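# Remarks on the overall topology
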Amino acid sequence: MSFLSPLGRRDFLWVRFGGEAVHVPFALPGEQVLVEIESSVGRLVAVEKASPARIPPVCPLFQSCGGCSMQHLAASLYGDWKRVLVLKALSYGGIEYPVAVPIAAHGAGRRRVTLHTRFDQGKAISGFMASRSHKLVEIDTCPIL
């Protein structure tokens, strides 16, 4: 696989596989990964050689709850990734402007989330929607909030 755009997509990584662009959420540039491919989306099965930028996520529900997509990325590279997202958004409008690496101003955690609640057999269940699905992942606590 070869990297297409290591710093320009929401979940970080697109690769070229068999002449096609494949989105591989949770993989990082420079890693050797085992991926199951379905259409233009790959599912990360295993990281065989990790990037030096990979850090342990703080949440045990990371990758399953659908709430956070970049907990595994070191802070130094996370700022670069966010900067490139802003540059790309401006470029779509034909705007060229210097953009500095963002300053962390979020305090101790996230400021906004979308929680979902369902009633299941008379019990209210609250949580996040799993990525690309309608499956509700129940949460009791969120270390990012």
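Below or above, wherever it landed, is the structure these notes cover. (Residues numbered from 1 in each chain as written. Predicted model: local features only at pLDDT ≥ 70, side-chain atom pairs only at ≥ 80, totals over all residues. Heavy atoms only, no water.)

### Structural notes on the pairing of strand 3 (residues 20-23)
Formally: When DSSP locates at least two bridges between a pair of strands, those strands are taken to pair. Helical segments are the DSSP runs of H or I of at least four residues, strand segments are the runs of E of at least two, and each set is numbered from the N terminus.
Strand direction decides the pairing type here: strand 2 (residues 14-17) and strand 3, joined by four bridges, are antiparallel. Paired with Val15 across the strands is Val22, a residue of strand 3. From the end of strand 2 to the start of strand 3, which pair antiparallel, there are two residues, and Gly18 there has a positive phi angle of about 60 degrees.

### Section: the sheet that holds strand 7 (residues 123-129)
Definition in use: As a rule, the C-alpha atoms of each element are fitted with a line to give its axis, helices using only the stretch in contact, and angles between N-to-C directions run from 0 to 180 degrees.
Read across the sheet, three strands follow the order 6-7-8 without closing on themselves; strand pairing throughout is antiparallel. Looking at strand neighbours, the two that pair on one side only are strand 6 (116-120) and strand 8 (136-138), the edges of this open sheet. This sheet shows a mean twist of 55 degrees between the axes of neighbouring strands, independent of strand direction. Across three bridges, strand 7 lies against strand 8 in antiparallel orientation. When the bridges of strand 8 are listed, Gly127 appears paired with Glu138.

### Re the pattern of salt bridges
For clarity, the threshold we go by: Salt bridges, as used here, are contacts in which a Lys or Arg side-chain nitrogen is within 4 Å of a carboxyl oxygen on Asp or Glu.
With the rule as written, the count across this model stands at three salt bridges. Here Arg43 makes a salt bridge to Glu36, at a shortest N to O gap of 3.0 Å.

### Concerning the environment of Cys59
Heads up, the rule is: Relative accessible area decides the class of each residue, using a 1.4 Å probe on protein chains only: under 20% of the type maximum gives buried, over 50% gives exposed, and in between gives partly exposed. The contact definition used throughout considers only heavy atoms, calling two residues in contact when any of these lie within 4.5 Å.
Within the element layout of this structure, Cys59 appears in the loop between strand 5 (41-49) and helix 1 (75-92). Cys59 sits in the buried class, given a relative accessible area of 9%. Separated by 82 residues in sequence, Cys59 and Thr141 place their C-alpha atoms 9.7 Å apart. Excluding its chain neighbours within four sequence positions, the residues that come into contact with Cys59 are Gln71 and Pro143.

### With respect to the nonpolar core
Note the cut-off: Residue types Ala, Val, Leu, Ile, Met, Phe, Trp, Tyr and Cys, when buried and joined through side-chain atoms within 4.5 Å, form a set referred to as a nonpolar core.
One finds Leu13, Val15, Val22, Val24, Phe26, Ala27, Val33, Val35, Leu44 and Phe62 forming the largest nonpolar core, which totals ten residues. Among the nonpolar cores identified, the runner-up in size contains eight residues, and Cys65, Ala130, Val137 and Ile144 belong to it.

### Quick notes on the layout of surface pockets
Quick note on the threshold: A cavity here means a set of points on a 1 Å grid, drawn over the protein atoms and nothing else, where a 1.4 Å probe fits but cannot get out; a pocket is an open set with protein on both sides within 12 Å along at least five of seven lines, and a residue lines either one if it has an atom within 4 Å of a point. Grid points are joined across faces, edges and corners, and a volume is the space filled by probe spheres set on the points. Classification used: nonpolar for Ala, Val, Leu, Ile, Met, Phe, Trp, Tyr, Cys and Pro, charged for Asp, Glu, Lys and Arg, polar for all others including Gly.
Approximately 220 Å³ is the volume found for the second largest pocket. Contributing to the lining of the second largest pocket are Pro25, Phe26, Gly42, Arg43, Leu44, Gln63, Ser64, Ala130, Ser131 and Arg132. Residue composition of the lining of the second largest pocket, grouped by class: four nonpolar, four polar and two charged.

### Some details on the side chain of Glu31
Convention followed: For this analysis, a polar contact is any N or O atom pair within 3.5 Å, provided that within protein one partner can donate a hydrogen and the other can accept it, and provided that sequence-adjacent residues contribute only side-chain to side-chain pairs.
Note on placement: Glu31 falls in the loop between strand 3 and strand 4 (32-38). For Glu31, a relative accessible area of 8% corresponds to the buried category. Within polar-contact distance, the side chain of Glu31 engages the backbone nitrogen of Leu28 at 2.9 Å.

So yeah, pure geometry; function would need other evidence.
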